[in-house]
Each structure stands twice: as structure tokens, then as C-alpha cells.
Amino acid sequence: MPDAPAPPPDQTLKDPRKKIASQFIAMIPHAGALSMSLTDVGDGEAVITMPYDARLVGDPETGVIHGGAVSALMDTCCGAAVMLHPAAGMGTATIDLRIDYMRPATPGQMITARATCYHVTRSVAFVRAVALDDDTDRPVACATGAFTVERSGK
């Protein structure tokens, strides 16, 4: 019986943008404190999860995660999406981020942020994102933002 074909190489490690985005998340102190994890990437796209943690509760009576933790998750995910866009540089910083909170996240559930960098100019990248819990039909929050495009050698 012939040997099975070898699995395709792990593209996450071969693409320098994806490797750098993973390292970017790992090096951010608040990302570690909030247990953020980069779970999926594409060209200009990032998905980051944040598990429920009672230490992050903003309202002890309801057990709902504080909006600041959701904001940090969305900002980090948007920055990663910019870094993953083929037309952007490897560095970025938030210029402006508008977050619309649609509803409280369900206590006990992980929150997932999905961000897409949909347009890049010479110096600015534009991003939109959504934060979801298990109810993927009803967003917890939606965001739009502008981020710097930092190119090497300039």
C-alpha cells in the first residue's frame, strides 16, 4: 500500500505576517492578562478569542464582562488584521476606534472578535470588527477604526 501523502506544511509558520501577528499578540501584556488567543488569520483578517474570566466582570450582580475588556479585545484584533493585510506595513497603532455595544456578553461564554482590514492607503488602514459570544446571530459589539500603516525604512 503506498504511503499517504504528506500533510501540507503549516502556512501559519511560513508566512512572516502571520508569525509576526502571533508574536505581536503574545508580547502585549494586556493580551496575556486577558488570555487572548489568535485563533484564525487570513490576508487582512484576524480572529482572537478571550475566555470568560470572573476577574473581568464589570457588574457583579449580572456576571457580565466589563466593556473595557471587550474594547481591548476588539482593538487588539483590529491591529492584528492590519498587520495581516498584504498592503500594510508590519507595525500599526490605533488612530481611532469606535465601538458600538449592542448587548451584554452572556456570562460564562467566551468572546470572539473577528476583524477585517478592508482598505489601506499610504499611511492609514481601515478596519471593521465584530465581537460575538455563543449567540453568533446577535453581536455583542461592532467596531470601525483607523490604524497607522508603519512601513520599514521610513
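Scroll up a little and you will see the structure.
Here is a short report on the structure shown in this document. (Residues numbered from 1 in each chain as written. Predicted model: local features only at pLDDT ≥ 70, side-chain atom pairs only at ≥ 80, totals over all residues. Heavy atoms only, no water.)

A full pass over the atoms with the stated rule returns 0 aromatic pairs. When the ring centre of Y118 is taken as origin, the NZ or CZ atom of R128, which lies over that ring, is 3.8 Å away. (Phe/Tyr/Trp six-rings, centres within 6.5 Å; stacked < 30°, edge-to-face > 60°. Lys NZ or Arg CZ within 6 Å of the ring centre and 35° of its normal.)

You will see that S35, though not glycine, has its phi angle at about 60°, which is positive. Tracing the sequence through the fold places S35 in the loop between α3 (29–33) and β1 (37–42). (Helix = DSSP H or I, 4+ residues; strand = E, 2+ residues; numbered from the N terminus.)

All right, on to the nonpolar core then. Counting 39 residues, the largest nonpolar core has M50, M74 and I111 as the members making the most contacts within it. Of all the elements in the fold, those that place two or more residues in this core are α2 (16–27), β2 (45–50), α4 (67–83), β6 (111–120), β7 (124–132) and β8 (141–148). Here the element with the most residues in this core is α4; it accounts for 10 residues. If we skip the residues at most four places from it in the chain, I111 touches I48, T49, M50, I65, V70, L73, A105, A131 and L132. (Core = buried A, V, L, I, M, F, W, Y, C linked by side-chain atoms within 4.5 Å. Buried < 20%, exposed > 50% of the residue type's maximum accessible area, 1.4 Å probe, protein only. Contact = heavy atoms within 4.5 Å.)

For the rest of this paragraph, the subject is the pairing of β6. As defined by bridge partners, β2 adjoins β6 across 6 bridges and the pair is classed as antiparallel. Among the inter-strand pairings, T49 is bridged to a residue of β6, identified as T112. Direction of pairing for β6 relative to β7: antiparallel, over a ladder of 8 bridges. Pairing of T112 across the sheet is with L132, part of β7. A loop of 3 residues connects β6 with β7, the two strands running antiparallel in sequence. (Pairing = 2+ DSSP bridges.)

Moving on, we come to the sheet that holds strand β5 (residues 94–101). Reading across from one edge, β1-β2-β6-β7-β8-β5 is the order of the 6 strands in this open sheet, with antiparallel pairing throughout. Two strands close off the open sheet at either side, each with one partner strand: β1 and β5. Strand-to-strand twist in this sheet, taken as the mean axis angle between neighbours without regard to direction, amounts to 15°. Relative to β2, β1 runs antiparallel, the two sharing 5 bridges. Note on β2: the bridge partner recorded for G42 is E45. Sitting on the sheet, α4 is in contact with β2, β5, β6, β7 and β8, with an inclination near 150° to β2. (Axes fitted to C-alpha atoms, helices over the stretch in contact; angles between N-to-C directions.)

Turning next to the pairing of β2. The side chains of a regular strand alternate between both faces of the sheet. For β2, the tally of buried residues reaches 5 of 6 residues, placing the bulk of the element in the interior. Between β1 and β2, which pair antiparallel one after the other, the connecting turn spans 2 residues, and G44 there sits at a positive phi close to 75°.

The tally for this structure, following the rule as stated, stands at 4 salt bridges. One salt bridge in this structure joins R55 and D53, with 2.5 Å as the shortest N-O distance. Residue R55 is classed as exposed on the basis of its relative accessible area of 65%. Given a relative accessible area of 17%, D53 falls into the buried group. In this structure, the salt-bridge partner of D100 is R98, at a minimum N-O distance of 2.8 Å. Relative accessible area serves as the criterion here: at 31%, D100 is assigned to the partly exposed category. (Salt bridge = Lys/Arg side-chain N within 4 Å of Asp/Glu carboxyl O.)

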